[in-house]
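Coordinate analysis (summary)
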Amino acid sequence: MNELTNKAWPIVRLLLIPYLCLLFLLVYPIQYYMDAPGGLAEVENLIEIDYNQEKVAQGSISTTYIIVVNRPSFFQFIVGYFSPYTTIAALTGSYADYTNEERSQISYWDKYTSVDASLIVAFLAAQIDNPDITISYVEKVLVYSKASYLSNYQSIAFGDEFIKVEGDNGTVTVVSEIANNTLLSNAYDFTFKNSNNEMYTVTLTKDATTNKFGITFRASYFVDKELTFPSYRVVNSNIGGPSGGLLQTLAIYNMLVKEDITQGLKIAGTGTIGYDGSVGYIGGVKQKIATAYMNKVDVFFIPSLDSNYYYDNYVEAIRACEELGINPDGWVIPIATFADALDYLQGLGE
Amino acid sequence: MKVFLNKCRQLFKDFSWKEVLDALLGGIVYSTLIFVPIYIILVETAMIFMHRLNTFVILITFAAMMNVYTINKLTAKALILKKPDTTTDIKSIWMTHSLIWMTIVFIIGLLFIFVLIPILWV
């Protein structure tokens, strides 16, 4: 080794500083995030329903995922800047304070609750023609976001269930009543249940500047697997976020009903799903359009709720198509509800 | 193969284990210094162009093969620098050695493209 070192030392000495600069550009993270095209994930590979096993769908239903690079390096920023498919933006608000791991946790819970929402909507829709199908679910209130000033920040995890708070007028178990029952003091005892079903109590203190605890809750429905027929299994995947909701719902519905709603087509799309079957906006439209186009999908569903709104997903999709030189005619389909998507597919078969 | 083994025996007559390992260590350290930025560049670019994942796996495999070649090249260089008057055919030994390892890396790359990525991705 010494012989090599002696031989290479003049070059090593010359290149040392540029080398360290290059490594800095390659590893130092900056406060931005970058959306890049990803791929399609067939829902039947992610959610398995023990029903209609003999049925073979002629087409496929896939969610569209994108790659989100949190806190890219300078090098990635530069590469992404020159790529027509990527979108780069600064991390702002509470997202800027979250670590990459915390963002992954939020993404995981978004995905988890979105799968349960899809199951509920699809099972209830399929139940109309087939009363054998049953689904049972309960409402839980989960920790959805944490401000940097939240006291006991490390004790509370994303996805922990809110149980109660000892308020001014006794125990409060309903989230909407917390604000009116925490006026007299600065600190209150909150009880949560973690993912291991263990209860714990922490004292949360209001922030002096905002006069808030710095925690946000969100109510979600969770399917009771024991009381649900047919049984199902959700496969672990690397995909996070709620944007697969609509396509998950369509795919689950297709697994439950006798007819094949795919009509032999390669169906993809994006959009969150509400418990009433409404479809919600998502991010990364440009990357999802690019992904769908590269994967040659036949039908791509995209939320369209208000065509006058600049950031309406369908309007964004048309803009992205113009920018990328893609013809959207016939395959980018605007929808507002699960029923819209179903009607469109059933209309193709008639 | 027999010729290669005879050359290896000759190598260990000319050099002690310690000298060969020292040369190998030098080869690994310096080739790592060269290839670490290349790997980081490829992986970070692949993260942005994930829709071209297989292309990047091919490029990373190619880089790994070059890394193996460089390790062997530098090891041979270090041994020659240790004993410039050696009669052992060091270059051909390390070329054969690098070809064996490059083939292994190539097979691992193919495994990733055709087996592991389709199974593990998503």
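Look up: the structure comes first, before these words.
Owing to the predicted nature of the structure, the values given are computational and were not obtained by experimental measurement. (Residues numbered from 1 in each chain as written. Chains lettered and ligands numbered in written order. Predicted model: local features only at pLDDT ≥ 70, side-chain atom pairs only at ≥ 80, totals over all residues. Heavy atoms only, no water.)

1. Some details on the packing of aromatic side chains
Residues and elements named next belong to chain A. Where we set the bar: Any Phe, Tyr or Trp ring, taking Trp's six-membered ring, that has another such ring centre within 6.5 Å forms a pair; planes under 30 degrees apart are called stacked, those over 60 apart edge-to-face, and the others tilted. Numbering of helices and strands runs from the N terminus; a helix is a DSSP stretch of H or I covering at least four residues, while a strand is a stretch of E covering at least two. Here, over-ring charges are defined by two tests on the NZ atom of lysine or the CZ atom of arginine: distance to the ring centre within 6 Å, and angle to the ring normal within 35 degrees.
Taken as a whole and judged by the stated rule, the model has 31 aromatic pairs over all chains. Look at Tyr253 and Phe338: their rings are 5.7 Å apart centre to centre, the planes differ by 75°, and that puts the pair in the edge-to-face class. Taken together, the residues Tyr253 in helix α6 (residues 245-256) and Phe338 in helix α9 (residues 338-348) connect sequence positions 85 residues apart. Among the aromatic residues, those joined into a ring-pair cluster are Phe162, Tyr188, Phe190, Phe192, Tyr200, Phe213 and Phe217. In this structure, Lys146 packs its charged tip against the face of Phe158, placed 4.8 Å from the ring centre.

2. A short note on the sheet that holds strand β1 (residues 32-42) of chain A
All names here are of chain A. We apply this condition: Here, any two strands with at least 2 DSSP bridges between them count as paired. A fitted line through C-alpha atoms represents every axis, and for helices the fit uses only the stretch in contact; the resulting angles, taken between N-to-C directions, go from 0 to 180 degrees. A contact between two residues is defined here by any heavy atoms of the two lying within 4.5 Å.
If you walk across this open sheet you meet the 6 strands as β4-β1-β3-β12-β15-β16, and the pairing is mixed. Either end of the sheet is taken by a strand with one partner, and the two such strands are β4 (87-90) and β16 (332-335). For this sheet the average axis-to-axis angle between neighbouring strands, irrespective of direction, equals 30°. Relative to β4, β1 is paired through 4 bridges, and the arrangement is antiparallel. Residue pairing for β4: Met34 is matched across the bridge by Ile88. The strands touched by α6 are β3 (60-70), β12 (266-269), β15 (299-303) and β16; relative to β3, the strand with the most contacts, the crossing angle is about 155°. Against the sheet, helix α7 (residues 285-294) touches β1, β3, β4, β15 and β16, its axis set at about 35° to β1.

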